[in-house]
There are 4 protein chains.
Amino acid sequence: MPKTNASPPGGEPVAQRGRPAGDHAAKRAEILKAAASVIAEDGYAKASLRKVAERAGYTTGAVTYYFANKEELVTALAESRFDRYDAMLEPARAKADIKLLYEQWLAMTTGDPEYWPVMSQLLTHARYEPALASIIEQRYARYHRLHTKILEAGQAQGTIRDDIPADLLADQLAAMGDGWMMMFPFEPERFDPSRVEALIDAVLTLIAPIPGTSGS
Amino acid sequence: MPKTNASPPGGEPVAQRGRPAGDHAAKRAEILKAAASVIAEDGYAKASLRKVAERAGYTTGAVTYYFANKEELVTALAESRFDRYDAMLEPARAKADIKLLYEQWLAMTTGDPEYWPVMSQLLTHARYEPALASIIEQRYARYHRLHTKILEAGQAQGTIRDDIPADLLADQLAAMGDGWMMMFPFEPERFDPSRVEALIDAVLTLIAPIPGTSGS
Amino acid sequence: MPKTNASPPGGEPVAQRGRPAGDHAAKRAEILKAAASVIAEDGYAKASLRKVAERAGYTTGAVTYYFANKEELVTALAESRFDRYDAMLEPARAKADIKLLYEQWLAMTTGDPEYWPVMSQLLTHARYEPALASIIEQRYARYHRLHTKILEAGQAQGTIRDDIPADLLADQLAAMGDGWMMMFPFEPERFDPSRVEALIDAVLTLIAPIPGTSGS
Amino acid sequence: MPKTNASPPGGEPVAQRGRPAGDHAAKRAEILKAAASVIAEDGYAKASLRKVAERAGYTTGAVTYYFANKEELVTALAESRFDRYDAMLEPARAKADIKLLYEQWLAMTTGDPEYWPVMSQLLTHARYEPALASIIEQRYARYHRLHTKILEAGQAQGTIRDDIPADLLADQLAAMGDGWMMMFPFEPERFDPSRVEALIDAVLTLIAPIPGTSGS
DNA sequence: AATGAATGAGAGTTCATTCAT
DNA sequence: GATGAATGAACTCTCATTCAT
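Bear in mind the structure is a predicted one, so any value in this text is a computation, not a measurement. Along every chain, residues carry numbers that run from 1 in the direction the sequence is written. Chain labels run from A onward and ligand labels from 1 onward, assigned in the order the entries are written. Where totals are concerned, whole chains, interfaces and linings use all residues; where local detail is concerned, this predicted model gives features only for residues with pLDDT of at least 70, and gives and counts side-chain atom pairs only at 80 or more. The basis for every side-chain value is the complete set of non-hydrogen atoms in the structure, without hydrogens or water.

## Observations concerning the overall build of chain A
Helix numbering and strand numbering both begin at the N terminus, where a helix is a DSSP run of H or I of at least 4 residues and a strand a DSSP run of E of at least 2. In terms of regular secondary structure, chain A is built from nine helices and zero strands. When the helices and strands of chain A are listed from N to C terminus, the series reads α-α-α-α-α-α-α-α-α. Burial statistics for chain A: of 216 residues in total, 50% are counted as buried. Contacts between residues were defined by any pair of non-hydrogen atoms, one from each residue, lying within 4.5 Å. Expressed as a percentage of contacts within chain A between residues at least 6 apart in sequence, the contacts between residues at least 24 apart total 65%. For accessible areas, the Shrake-Rupley method is used with a probe of radius 1.4 Å. Any residue's cover is judged against the shown protein chains and nothing else. Approximately 10400 Å² of chain A is accessible, and the part contributed by carbon and sulfur atoms is 54%. Burial status follows relative accessibility: with a 1.4 Å probe on protein chains alone, a residue under 20% of its type maximum counts as buried, one over 50% as exposed, and anything between as partly exposed.

Structure (structure tokens):
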């Protein structure tokens, strides 16, 4: 259903002159969705623009019309994924709630089984696609800052152990998440919901305050 | 250095034919080394048998002579890498020393800067190459058992916190390692030796016994 | 003559890109013609898509654009040849005229010296290409039914001997034709028009009614 | 079991001095047998020297040692097959018995299910391998003379119709056989023994003398 | 704006052949 | 006499990209 452009992009009741703007963005989004689906299914190495076009219901030419080349498609895909990620994490950021952060992060998995596979394909490939690498670096740095800030707040409140600098702690916990992301698509049976919950609980235990240490 | 037999001194290094002195296993190892190097440099997606052959100093035909097809090459590569990994971890296994385990694991990085990049490429691709996936699954399971056993021993001795089951702990710590492996090739500056040491110290702190809990 | 659109008069015939005016079916036919020509000239074993493309004036990619793979090309070729065959035999079918049938069949030879060589290559190869085999089987069965019917009509009219079942007779005569087809490309001098005519006359003699046998 | 040469090339107890002669010829024969088997199974186009070597239990080098190149292998194969054919037909030749001739020819089929497939592959390919073509031409010419002679004898005796020159009749009947040979590997179910017998009977009926025709 | 025919390079793979051993 | 490592060209097929329409 790509060619639905019935929705005027600004909701004009009367006007709607000329071509509907926003169409462009919507079609790009649709192609990106198809791209994610193809990458999840076939892996980055075997994902071709042809397959993406086919899955989106477009022609080969259309894909290269909306994205100058494969690199642009891939970077746009990464960007859109991170945007979604950020949006999802927003509540946790606002409340500085570490538990909520991890639960939201977990929700990405259950909500969209393609999310992690696609992300791990993009991350692993980033090393060989500078444009992609720079996007990921920026986004990860931003996420790292957010994560650190929440941990620091927790340490200040005494809800998180403070014998390890928040910065290091953030690195460790983020790595744990990345590691799971990488292994998840590959051994999904090891990541059923109840086990993932146990893992997250264990993380919270791991970073809980140590009795008799530090102090308000 | 595949062309070991005496080249006519002063003459053109003519194309090599016929039966050379070389040793089958050694040649395979040489090609695997070249394959690792190409994968590290160009990524799995762009690593071709042609490039591997070129880097090894052979022709394309020679590579497919030693490895029936790409799949066989890749699985042999994974296997050889895991063998190396296992050999390196042996001392830590023998002594059931968790700190040594992490330090040895860290040494893989400093010892061979290609090790992690290659591994992360193989792991990420495994999902789409069943033969590769099965190898990794087996090896990971073995490593996971070893890791769990060492942690259990530590818990029994009171050197590791026992409020989290060793099995879960192993999962978390292994994931951390995998996460670092994935991010390392991509943000190497974040993983200079001193920082990695700090990370490992922090891990040890994280799993250190909690005063006032459990105990003999 | 694929490059139909106006080439700059007097200019270099630049490589052709973009959407040309051509007609899909016509292009396929052109490629099939080239394929037939290559098979006739080099034999099935040495006929490659490259050669076919070259002979058609296209690149390799163009051939695989019009035919997903070699199997599809070959089966399409067989199909088109049989279509031509059927069309040619139609008048004989309509009149149930056995002599006309053989003469038309003979005309295939004189009309297109490639027809028999190509057919015999395809037939011989069919055993190892199931898709091709199934096409040939169907078409041959149809032709066999037609042939049998005409012979039966002849037997009923008393113009063909009836001491051998029409079905067996059809098998024998078809085999004769196949045998000639196979030997023709290989000993063409034995098949000059006058000799072929003599052979056909002899066939008609062979199946002429036997005096003193059966009959009304 | 090619490497049976348990006899030390100098340790014969009594006779058998030097290398056993005939060894060479025997090994060639073994390779030829393997070649026939591979051609029957995979078709000429996909029969490779590697597969032949493998099936014979030899090394790749051995095949090219015994046969300078593929062409020589193929022509030797054809020659050996024709020799076998000739030997089989010898009794029919000696007795000038046409029925025996066809029955012997039929026996080739039931005796060795590979015979016809291999032959039809070689015949079809002969057009593109001059050396092979010349062998076949010679052998076919010889067979044609034999066939004609037997038919002539039959005509003289009044056991075969004489309203068609023996030469033309031979051509027709040989073509019938070739046609069956070509179709047999490809529709074997149409050639069960009882049907083949019916076909041969019908041939004999076809060439039986015509009452009221010819002379004394 | 969008198409889809066509390119041309490069992928994995196969192969007959060569030749030092 | 026989081996089997290695070549190098050719194979089928895939792909990102271009561009006349």
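## With respect to unusual backbone geometry
Residue and element names in this part refer to chain C. The phi dihedral of A96 is positive, around 50°, even though this residue is not glycine. Topologically, A96 is positioned in the loop between α4 (70–95) and α5 (98–111). On the basis of relative accessible area, A96 is assigned to the partly exposed category, the value being 34%.

## As for the relation of the copies chain C and chain D
For these two chains of identical sequence, chain C goes onto chain D by a turn of 179° and a shift of 0.0 Å along the axis, with RMSD 0.2 Å. Considering both components of the superposition, the chain copies are consistent with a two-fold axis. Of the residues that chain C buries at the interface, 100% are likewise interface residues in chain D, meaning the two copies contact each other through the same surface. Least squares is the method used to superpose the copies, on C-alpha atoms of residues holding a pLDDT of at least 70 in both.

## Quick look at the interface of chain B and chain A
At the interface, 50 residues of chain B touch 50 residues of chain A. Interface of chain B and chain A: buried area, both sides summed, is about 4300 Å²; carbon and sulfur atoms make up 64% of it. A pairing counts as a salt bridge when a side-chain nitrogen of Lys or Arg comes within 4 Å of a carboxyl oxygen of Asp or Glu. A salt bridge links R195 of chain B to D171 of chain A; the nearest nitrogen and oxygen atoms lie 2.3 Å apart. In protein, a polar contact means a hydrogen-donor-capable atom and an acceptor-capable atom, both N or O and within 3.5 Å, with residues adjacent in sequence counting only if both atoms are side-chain atoms; elsewhere, any N or O pair within 3.5 Å suffices. On the surface where chain B and chain A come into contact, there are 17 residue pairs in polar contact (both at pLDDT 80 or more). Breaking the side of chain B that touches chain A down by element, the ones donating at least two residues are α1 (24–42), α6 (115–126), α7 (130–157), α8 (166–183) and α9 (193–207) of chain B. The element that contributes the greatest number of residues to the side of chain B that touches chain A is α8 of chain B, accounting for 13 residues. Each residue is assigned to one of three groups, with Ala, Val, Leu, Ile, Met, Phe, Trp, Tyr, Cys and Pro labelled nonpolar, Asp, Glu, Lys and Arg labelled charged, and all others, Gly among them, labelled polar. A breakdown of the residues in the side of chain B that touches chain A according to their chemical character gives 29 nonpolar, eight polar and 13 charged. Two parts lose some accessible area (1.4 Å probe) when they are put together, and adding that loss for both gives the buried area.

## Notes on the packing of aromatic side chains
Note on aromatic pairs: the rings of Phe, Tyr and Trp (six-membered ring only in Trp) are paired at centre separations within 6.5 Å, and the planes decide the class, stacked below 30 degrees, edge-to-face beyond 60, tilted for the rest. Across all of its chains, the model carries 28 aromatic pairs over all chains by this definition. Seen from their ring centres, Y85 of chain D and Y143 of chain D are 5.6 Å apart, and the 40° between their planes marks the pair as tilted. Separated by 58 residues along the polypeptide, Y85 of chain D in helix α4 (residues 70–95) and Y143 of chain D in helix α7 (residues 130–157) bring together distant segments of the chain. The pair formed by Y85 of chain D and Y143 of chain D is uniform in burial state, with each residue classed as buried. Of the aromatic side chains, those joined through ring pairs into one cluster are W105, W116, W180 and F184 of chain A.

## Quick word on the UniProt feature "DNA-binding region" (unreviewed entry) in chain A
In this structure's numbering, the residues bearing the UniProt feature "DNA-binding region" (unreviewed entry) are residues 48–67 of chain A. Between the C-alpha atoms that bound residues 48–67 of chain A there is a distance of 13 Å. The span itself is 75% helix and 0% strand. UniProt positions are given in the numbering used here, feature names are shortened, and annotations may be inferred rather than shown by experiment.

## Quick notes on the relation of the copies chain B and chain A
For the pair of chain copies, the relating transformation is a rotation about an axis with a translation along it. Turning chain B through 179° and shifting it by 0.1 Å along the axis lays it on chain A, with an RMSD of 0.2 Å. Both copies share a contact surface, since 100% of the interface residues of chain B are interface residues in chain A too.

## Thoughts on the interface of chain C and chain D
Facing 50 residues of chain C, the contacting portion of chain D comprises 50 residues. For the chain C and chain D pair, buried surface summed over both sides reaches about 4300 Å², with 64% attributable to carbon and sulfur atoms. There are four salt bridges connecting chain C and chain D. Of the charged contacts, one joins D167 of chain C and R195 of chain D as a salt bridge, the two residues approaching to 3.6 Å between their closest N and O atoms. Summed over the shared surface of chain C and chain D, the number is 17 residue pairs in polar contact (both at pLDDT 80 or more). Every element with two or more residues in the side of chain C that touches chain D is listed here: α1 (24–42), α6 (115–126), α7 (130–157), α8 (166–183) and α9 (193–206) of chain C.

## Some thoughts on the side chain of T124 of chain C
For T124 of chain C, the position within the fold is in helix α6. Judged by its relative accessible area of 7%, T124 of chain C falls in the buried class. At a separation of 2.8 Å, a polar atom in the side chain of T124 of chain C contacts the side chain of T124 of chain D. Not counting residues within four places of it along the chain, the set of residues in contact with T124 of chain C comprises S120, Q121, T124 and M182 of chain D.

## Considerations on the side chain of Q121 of chain D
Looking at the element boundaries, Q121 of chain D is found in helix α6 (residues 115–126). Residue Q121 of chain D is classed as buried on the basis of its relative accessible area, which comes to 6%.

## What to know about the pattern of salt bridges
In total, this model carries 52 salt bridges over all chains according to the counting rule given. In this structure, R28 of chain B and E72 of chain B form a salt bridge, with 3.8 Å as the shortest nitrogen-oxygen distance. Of this pair, R28 of chain B sits in helix α1 while E72 of chain B sits in helix α4 (residues 70–95); the two residues are 44 residues apart in sequence, bridging distant segments of the chain. Exposure remark for R28 of chain B: the relative accessible area of 24% places this residue in the partly exposed category. On the basis of relative accessible area, E72 of chain B is assigned to the partly exposed category, the value being 30%. For the salt bridge of D112 of chain C with R84 of chain C, the shortest nitrogen-to-oxygen distance reads 3.2 Å. On the criterion of sequence distance, the pair formed by D112 of chain C in the loop between α5 and α6 and R84 of chain C in helix α4 is long-range, its members being 28 residues apart. Residue D112 of chain C is classed as buried on the basis of its relative accessible area, which comes to 16%. Three or more residues are tied together by salt bridges with common partners; here these are D83, D86, R139 and R142 of chain A.

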